[in-house]
Amino acid sequence: MAHNGLLQSDELYKYILETNVYPQEPEPLKEIRALTASHQLSFMGTSPDAGQMIEMLLKLTGAKKTLEVGVYTGYSLLLTALTIPEDGKTVAIDVNREFYEIGKPLIDKAGVEHKINFIESEALPALDKLLEDPASKGSFDFVFIDADKINYLNYHEKVINLVKVNGIIVYDNTLWYGSVAKSEDLVPETLKEGRTSVLKFNKALAMDSRVKVSMAPLGDGITICRRVY
Ligand SMILES: C[S@@+](CC[C@H](N)C(=O)[O-])C[C@H]1O[C@@H](n2cnc3c(N)ncnc32)[C@H](O)[C@@H]1O
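Calculation notes
By convention here, each chain's residues receive numbers from 1 onward along its written sequence. Restriction of local features to residues with pLDDT of at least 70 applies here, the model being predicted, together with a cutoff of 80 or more for giving and counting side-chain atom pairs; totals for whole chains, interfaces and linings are based on all residues. All axes are obtained by fitting lines to C-alpha atoms, using only the stretch in contact for helices, and the reported angles, taken between N-to-C directions, cover 0 to 180 degrees. For helices the rule is a DSSP run of H or I covering at least 4 residues; for strands it is a run of E covering at least 2, with both sets numbered from the N terminus onward. Note that the term roughly parallel is reserved for angles under 35 degrees, roughly antiparallel for angles over 145, roughly perpendicular for angles of 65 to 115, and oblique for everything else. Here, residue contact means that the backbone-derived C-beta atoms of the two residues sit within 7 Å. When residues are sorted by character, Ala, Val, Leu, Ile, Met, Phe, Trp, Tyr, Cys and Pro go into the nonpolar class, Asp, Glu, Lys and Arg into the charged class, and all the rest, Gly among them, into the polar class. Near, for a residue, is defined by distance from a backbone-placed C-beta atom to a molecule or strand, with 6 Å as the limit that must not be exceeded. We treat two strands as partners when DSSP finds at least two bridges between them.

**Points about the packing of helix H2 (residues 27–37) against helix H4 (residues 75–83)**
Next, step 1: Between H2 and H4, whose axes approach to 10 Å, the crossing angle comes to 170°. Judged on the interaxial angle alone, H4 and H2 are roughly antiparallel. Facing H2, whose interface residues are Pro-28, Leu-29, Ile-32, Arg-33 and Thr-36, H4 presents Tyr-75, Leu-78, Leu-79 and Leu-82.
Next, step 2: Residues belonging to the contact of H2 with H4 are distributed by class as follows: seven nonpolar, one polar and one charged.

**What to know about the site of the ligand**
Next, step 1: The environment of the ligand is made up of 21 residues, and the closest members are Thr-46, Gly-70, Tyr-72, Tyr-75 and Ser-76.
Next, step 2: If you list the elements that add at least two residues to the shell around the ligand, you get H4 and strand S2 (89–94).
Next, step 3: Split into classes, the residues belonging to the shell around the ligand amount to 10 nonpolar, seven polar and four charged.

**Things to note about the sheet that holds strand S7 (residues 222–227)**
Next, step 1: Strand order in the open sheet formed by seven strands is S3-S2-S1-S4-S5-S7-S6, and the pairing between neighbours is mixed. At either margin of the open sheet sits one strand with a lone partner, and together these are strand S3 (116–120) and strand S6 (211–216). With strand direction ignored, the average angle separating the axes of adjacent strands in the sheet is 15°.
Next, step 2: Here five bridges tie strand S1 (residues 65–69) to S2, and the two strands are oriented parallel to one another. Residue pairing in the sheet places Thr-66 in a bridge with Thr-90 of S2.

Given below as structure tokens:
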């Protein structure tokens, strides 16, 4: 989800984007970002600075088999498909196919659609289905969660069993526009529900011995988890 200025100063964020995010952003990602900019929910798109970190993690871990929950128009999905190897595969779940169809022509143009298995579904039953398949359990190198915040803890309980030991799970929006660090009376009404979910999630994750976590102030916060056992 895009940054809205609460987390860092606009000047600093602009500096980061202009200095090393935009110059390194691949052309297909620039195109999908531009295409999404006119959509009424464009604030939902993954921030390019968070995307840059995801690309680095995918490369560093040599990720070949990945899972994404929350596709929207496909910025993070296209980034993943461009980054994993030619024989890599990514399973992408979203309840809304129409959003995915907006970006799909650019995914096709980039020639990476053969790496993508898009599943149109509510995420929890789709994850349960994956868990029923012995070949999926503990098999994913990398998981990206970027859907409804209220379910983050539910998603965590599923994907912790889908990702490999030492595999990575990245959660988006874990600083919720910077609202997590503000007292509730200063938080706009529209952010309160998400803030409550994110606060609960962040606290639970910090106590979870199955993962080691690192929170980074990219976009409006990403939490990077490594499955320990
Ligand atoms: C923040 S957007 C994802 C942004 C995307 N990662 C990108 O790079 O542009 C959240 C997406 O999650 C999907 N979503 C929300 N709740 C969901 C649910 N319960 N199950 C599946 N998808 C869901 C929405 O349809 C939306 O497309």
